[in-house]
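# Overview (structure and organization)
Letter by letter, the chains look like this.
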Amino acid sequence: MRKLALTDDILLKIEKPARYIGNEINSVMKDKGSVDIRFAMCFPDVYEIGMSHLGIQILYDMFNRRDDVWCERVYSPWLDLDKIMREQKIPLFALESQDPVKDFDFLGITIQYEMCYTNILQVLDLSGIPLKASERCEQDPIVIGGGPCTYNPEPLADFFDLFYIGEGETVYGELLDAYKENKANGGSRKDYLEKAAQIEGIYVPSFYDVTYKEDGTIESFVPNNPHAKATIRKQIVMDVTNSYYPKAPVVPFIKVTQDRVVLEIQRGCIRGCRFCQAGMLYRPTRERDVEMLKDYAYQMLKNTGHEEISLSSLSSSDYSSLKELVTFLIEEFKGKGINISLPSLRIDAFSLDVMEKVQDIRKSSLTFAPEAGSQRMRNVINKGLTEEDILNGAGQAFEGGWNKVKLYFMLGLPTETEEDMKAIAELADKVARRYYEIPKDQRNGKCQITTSTSFFIPKPFTPFQWAKMFTNTEYVARAAVVKHAFNDQLNRKSLRYHWHDAEVTVLEGVFARGDRRTGAVLLEAYRLGCLYDSWSDYFDYDKWLTAFENTGIDMAFYNLRERSMDEKFPWDFIDIGVTKDFLKKEWERAMRGEVTPNCRQQCSGCGAARWKGGVCVESKN
Amino acid sequence: MKARIKFRKYGVMKFIGHLDVMRYFQKAMRRADIPIAFTGGYSPHMIMSFAQPLGVGITSEGEYLDIELTEKISSEDAISQMNRVMTEGIDVVSFVEIPDEKKASGMTITAAASYRVYPLESAKTSDIRLPLPGNWTEEIEEFLAQEHITVWKKTKRSEKEVDIKPMIYDMHPDADSIYLFLATGSEQNLKPDLVMDTFLNYTGAEETALHYHRVDVYARNEAGTFVPLSDMGKIIL
């Protein structure tokens, strides 16, 4: 029987011991004596969040297909256990073997959002691995980062030995082979990092020096090691059908956020919304073959026993065989008590028809993400959705029996005026008016229109990467403008309005576009006790302010400055395919309120066509 | 057609709570292709009920759930199909047909449960057991010789004084454990830790770490004697 890292008395004292015992269905056990490489794959947040992440499930499956590798999972211990582990000096362990992470060859950390950065330090700290890469010795695991935040890895540069820039399916094999080879040759840690630096897509932060101008912006970013490349090219899988995808993902015992089979139908998005980082990073859009998806749906449901299947992509309605796939899922599984969930669908006749079949209309609500209230603002952000689309979609839904609608918007977008802010409330009211146009005897009581706004954060590799942000006070003031506008609306009793926290927003802003120097703030914030910052109950803004003060880092430099068009950005050494020239052109078009057609309407020459695949070659086949 | 599944729960699975064990079995039914029936409506759920929840930390060799089947499946096939998709720490040991009536459900008929309680070297692990303290044989006799064994029992609304003695059907030392046979179910329910806490308190050995293991769950048959729930059904051929 497996021996656990934690004793019974601890497990019976803490919340949800199932987070720490492993043993889940489809988790992989191997004999540690018969593998060459032990890889600890970490999502630096609590188990329920980490277990819901598709990327780790893909890599876990891919690594464990190799006989010479045993990949295990690690998550952030929750605060109750964190305290006990520090008091009793219990080292952080991987779930499968329950062995200390420090004994592994690699610690891979997926970095999905900025507010998990202190949890990364927690994972390193509890593992007993020096926080700074420069202080690690030969025995320490190689700490490698991946995921969307690594497209600007600089705030984390001090804490990682390597970053993997791009999709994990491509060069991990090479990276692991190089490790084995180096180990067999008796090579050092540095020898390995030099070998890794020569692999496409691998960034070794310690092999680069950064100098700054007097105004604080970057002067130069150059390799200090002959093996390091000047530019790191993003990794991408061109054939997403014949690639890795888990047929038997791990099934948690406790209810996790994503407690279902997740079928990733495509990567990338054709839309080109100017605020959206994923829309640029994952270009070109690549679809999976519908027959493969049908087969996987069947096998994954069979192997997990999940009672729900969900499609995953940035914009499911753009998947060209959507109708065929959804019809198949309904016909094949609906009668077997399997729920089918279809997020990110455009509201039209087809999707309403599908939703009617798979959801309880009385309980479900429809979601629209207009992102901006006025048409002018929507043109600036290149969100193709028009007011007419929204009102027509909502109208059809209301006539079909729905009476709940959710609307998502952003505040603080570039060029936003007070009119644009007020337009959010006005649009919500128009949706409600559309509902009350239906004769009273044919409608289903009152309608409920719930509007949420978040504050826009400029992200690297988007046309808005040059945009300035605002202060907390300004954000709150903008939310107040919207709130007041809601009070002025005719149907205010049917309208609800929520806005997101501004304090988290400004921190995310700093780390999204931060440079190497911001790493000091992270370290200081962690030392001051910041942890689980993405959990509003535990987020402590005052501690963060102290961390900025103690390190002499100025938040305003990162957030409130309008960046000049020729500024050298911390992430400029990464080549995502989409060119900086294209992003500049898009920024300029945004300023003029010009819409850019989507990839299927017309190629705008973003640069992603150099991979000669996906949507870039679709029409030419 | 209704069936009763008996399973064991041991090892690290003792840390999985009752609700999660239910979720585990719902998924296991699908993986094992058990022809289980669903309720109707937009969110159909499996027709499945557990006889008696088991507390976290307790192991068991006699757990029960009843399910409704849409078609016949032999006991042998059902057991092997399920055990193929189980994780270490849960094994199906029997699968029998039970009468269709509601009053035959495990939840309704449960009347008693038996346990073994092991003294441990420490609360850190249930693997290292200690022999029963030498004086416990007498202590148990004296404990049970009391006219009443009153305890404060917490209910949903208040705390009240209850005499648990009539609910202790049996309590005696047996090799390295104490054997308990307790009233269990919707009418009268006595948990083993309440008995042991009261006993330890009586002997003044409050600090003793214990491991609880459920042996079986019982119903009363027509003759009024206790029989394991699995004996209330018949093997499906």
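What you are looking at is a predicted structure, and each value in this text was computed from that prediction instead of being measured.

Residue and element names in this part refer to chain A. Among the five residues of strand S3 (residues 106-110), five are classified as buried, and the element is accordingly described as predominantly covered. Burial along S3 is two-sided: Phe106, Gly108 and Thr110 and Leu107 and Ile109, pointing in opposite directions, are all buried. As defined by bridge partners, strand S1 (residues 37-43) adjoins S3 across four bridges and the pair is classed as parallel. Bridge pairing in S3 places Met41 opposite Gly108. Pairing of S3 with strand S4 (residues 142-146), which is carried by five bridges, proceeds in the parallel orientation. Along S4, the bridge assignment pairs Leu107 with Val143. Taking the sense of rotation as the criterion, the β-α-β connection linking S3, helix H5 (residues 117-127) and S4 turns out right-handed.

To continue, consider the domain arrangement of chain A. All names here are of chain A. Split by domain assignment, chain A resolves into domain 1 (8-233) and domain 2 (260-359 + 577-621). The gap between the C-alpha centroids of domain 1 and domain 2 is 29 Å. Both faces combined, the contact of domain 1 with domain 2 buries some 850 Å², and carbon together with sulfur accounts for 45% of it. For the pair domain 1 and domain 2, the number of links is three salt bridges. Across the pair Arg267 and Glu167 runs a salt bridge, and its minimum N-O distance is 3.2 Å. Between domain 1 and domain 2 we count four residue pairs in polar contact (both at pLDDT 80 or more) in total. Along the lines of polarity and charge, the residues of the side of domain 1 that touches domain 2 split into five nonpolar, one polar and three charged.

Residue and element names in this part refer to chain A. Cis peptide bonds are those with omega within 30 degrees of zero, and the linkage from Arg283 to Pro284 qualifies with -5°. Inspection of the secondary structure puts Pro284 in the loop between helix H8 (277-281) and strand S12 (286-287). One non-glycine residue with positive phi stands out, namely Lys612, at about 50°. As for its position among the elements, Lys612 is in the loop between helix H20 (580-591) and helix H21 (615-618).

Each side of the interface is counted separately: chain A has 35 residues, and chain B has 28 residues. Summed over both partners, the interface of chain A with chain B comes to about 2,700 Å²; 55% of that surface belongs to carbon and sulfur atoms. The interface formed by chain A and chain B contains six salt bridges. Note that Lys124 of chain B is salt-bridged to Asp9 of chain A, the shortest N-O span being 3.9 Å.

Bringing a positive patch on the surface into the picture now. Residue and element names in this part refer to chain A. Together, Lys446, Arg492, Lys493 and Arg496 give the surface a local cluster of positive charge. Within the fold, Arg496 resides in strand S18 (residues 495-499). The exposure class assigned to Arg496 is partly exposed, which follows from its relative accessible area of 40%.

Residues and elements named next belong to chain B. As far as domains go, chain B holds domain 1 (2-108 + 228-235) and domain 2 (111-220). Inter-centroid distance (C-alpha atoms) of domain 1 to domain 2 is 27 Å. Counting residues at the interface gives 18 residues for domain 1 and 15 residues for domain 2. Both faces combined, the contact of domain 1 with domain 2 buries some 1,300 Å², and carbon together with sulfur accounts for 49% of it. A per-residue breakdown of the area domain 1 buries against domain 2 is headed by Gln52, Thr59 and Glu61, which together make up 35% of the total. Counting only elements with at least two residues in the side of domain 1 that touches domain 2, the list comes to strand S3 (59-68) and helix H3 (106-109). No other element matches the six residues that S3 contributes to the side of domain 1 that touches domain 2.

Turning to the nonpolar core, a few remarks are in order. The biggest cluster of nonpolar side chains holds 209 residues, and the ones touching the most others in it are Phe25, Met29 and Ile67 of chain B. Counting residues per element, this core draws most heavily on helix H14 (residues 418-436) of chain A, which supplies eight residues. Residue contacts for Phe25 of chain B: discarding those within four places in its chain leaves Phe7, Met48, Phe50, Leu65, Met82, Met86 and Ile90 of chain B. Ile58, Ile109, Ile164 and Met167 of chain B belong to the second largest nonpolar core, which has 33 residues in total.

Residues and elements named next belong to chain A. With the rule as written, the count across this model stands at 52 aromatic pairs over all chains. Summarising the aromatic geometry, the rings of Tyr208 and Phe221 are spaced 5.3 Å apart at their centres and angled 25° between planes, so their arrangement reads as stacked. Taken together, the residues span a long stretch of sequence, with Tyr208 in strand S7 (residues 208-212) and Phe221 in strand S8 (residues 218-223) at a distance of 13 residues. The same class applies to Tyr208 and to Phe221, which are both buried. Taking 5.6 Å as the distance between ring centres and 85° as the angle between the ring planes, the aromatic pair formed by Phe456 and Phe464 counts as edge-to-face. Assessed through its relative accessible area of 2%, Phe456 is described here as buried. Owing to a relative accessible area of 0%, Phe464 belongs among the buried residues under this scheme. Ring pairs connect the aromatic residues Phe39, Phe63, Phe106, Tyr164, Tyr172, Tyr179 and Tyr192, which therefore count as one cluster.

Once that is clear, we can look at the sheet that holds strand S14 (residues 339-341) of chain A. Residue and element names in this part refer to chain A. Pairing within the open sheet is parallel, and its three strands lie in the order S10-S13-S14. Here the strands that pair on one side only, and so sit at the sheet edges, are strand S10 (261-264) and S14. Ignoring which end each strand starts from, the neighbouring axes of this sheet average 20° apart. Those strands touched by helix H9 (residues 290-304) are S10 and strand S13 (308-312), and its axis lies near 160° from that of S10.

All names here are of chain A. Overall, the coordinates contain 69 salt bridges over all chains when judged by the stated rule. Across the pair Asp177 and Arg66 runs a salt bridge whose closest N-O atoms are separated by 2.7 Å. Highlighted residues: Asp177 in helix H6 (residues 172-184) and Arg66 in the loop between helix H3 (54-64) and strand S2 (69-75), separated in sequence by 111 residues. For Arg136, the salt bridge goes to Asp161, with nearest N and O atoms at 3.0 Å. In this pair, Arg136 sits in the loop between H5 and S4 while Asp161 sits in the loop between S4 and strand S5 (162-164), placing the two residues 25 residues apart along the sequence. With respect to class, Arg136 is no different from Asp161; both count as buried.

Cut-offs applied
Numbering of residues starts from 1 in each chain and follows the order in which that chain's sequence is written. Labels are handed out in written order, letters beginning with A for the chains and numbers beginning with 1 for the ligands. In keeping with the model being predicted, local features are shown solely for residues with a pLDDT of at least 70 and side-chain atom pairs are shown and tallied solely at 80 or more, while totals for entire chains, interfaces and linings include all residues. The basis for every side-chain value is the complete set of non-hydrogen atoms in the structure, without hydrogens or water. The classification of residues rests on relative accessible area computed with a 1.4 Å probe and restricted to protein chains. Under 20% of the type maximum is buried, over 50% is exposed, and intermediate values are partly exposed. By the criteria applied, helices consist of DSSP H or I runs no shorter than four residues and strands consist of E runs no shorter than two, each listed in order from the N terminus. Pairing between two strands requires that DSSP report at least two bridges joining them. Handedness of a crossover is defined as follows: orient the strands so they point away from the viewer, and if the path from the first strand over the helix to the second runs clockwise, the crossover is right-handed. As used throughout, domain bounds are those supplied by an automatic or database domain assignment. Once two parts are put together, the accessible area they lose, assessed with a 1.4 Å probe and summed over both, is termed the buried area. We define a salt bridge as a contact between a side-chain nitrogen of Lys or Arg and a carboxyl oxygen of Asp or Glu at a distance within 4 Å. In protein, a polar contact means a hydrogen-donor-capable atom and an acceptor-capable atom, both N or O and within 3.5 Å, with residues adjacent in sequence counting only if both atoms are side-chain atoms; elsewhere, any N or O pair within 3.5 Å suffices. In the scheme used here, Gly and all other residues not listed as nonpolar or charged are polar, with Ala, Val, Leu, Ile, Met, Phe, Trp, Tyr, Cys and Pro taken as nonpolar and Asp, Glu, Lys and Arg as charged. For this analysis, residues touch if any pair of their heavy atoms sits within 4.5 Å. Patch membership needs two things, relative accessible area over 30% and no salt bridge, and members are linked within 9 Å if like-charged or within 5 Å if nonpolar (Val, Leu, Ile, Met, Phe, Trp, Tyr). Areas reported here follow the Shrake-Rupley algorithm with a probe of radius 1.4 Å; residue values treat only the protein chains shown as occluding. Think of it this way: Lys and Arg go in the positive column, Asp and Glu in the negative one, and His and the chain ends go nowhere. Note that the charge is assigned to NZ on lysines, CZ on arginines, CG on aspartates and CD on glutamates. The nonpolar core is taken to be a set of buried Ala, Val, Leu, Ile, Met, Phe, Trp, Tyr and Cys residues, with the residues joined through side-chain atoms within 4.5 Å. Two rings belonging to Phe, Tyr or Trp (six-membered ring only in the last case) form a pair when the distance between their centres is within 6.5 Å. Interplanar angles under 30 degrees mark stacking, angles over 60 mark edge-to-face geometry, and anything in between is tilted. As a rule, the C-alpha atoms of each element are fitted with a line to give its axis, helices using only the stretch in contact, and angles between N-to-C directions run from 0 to 180 degrees.

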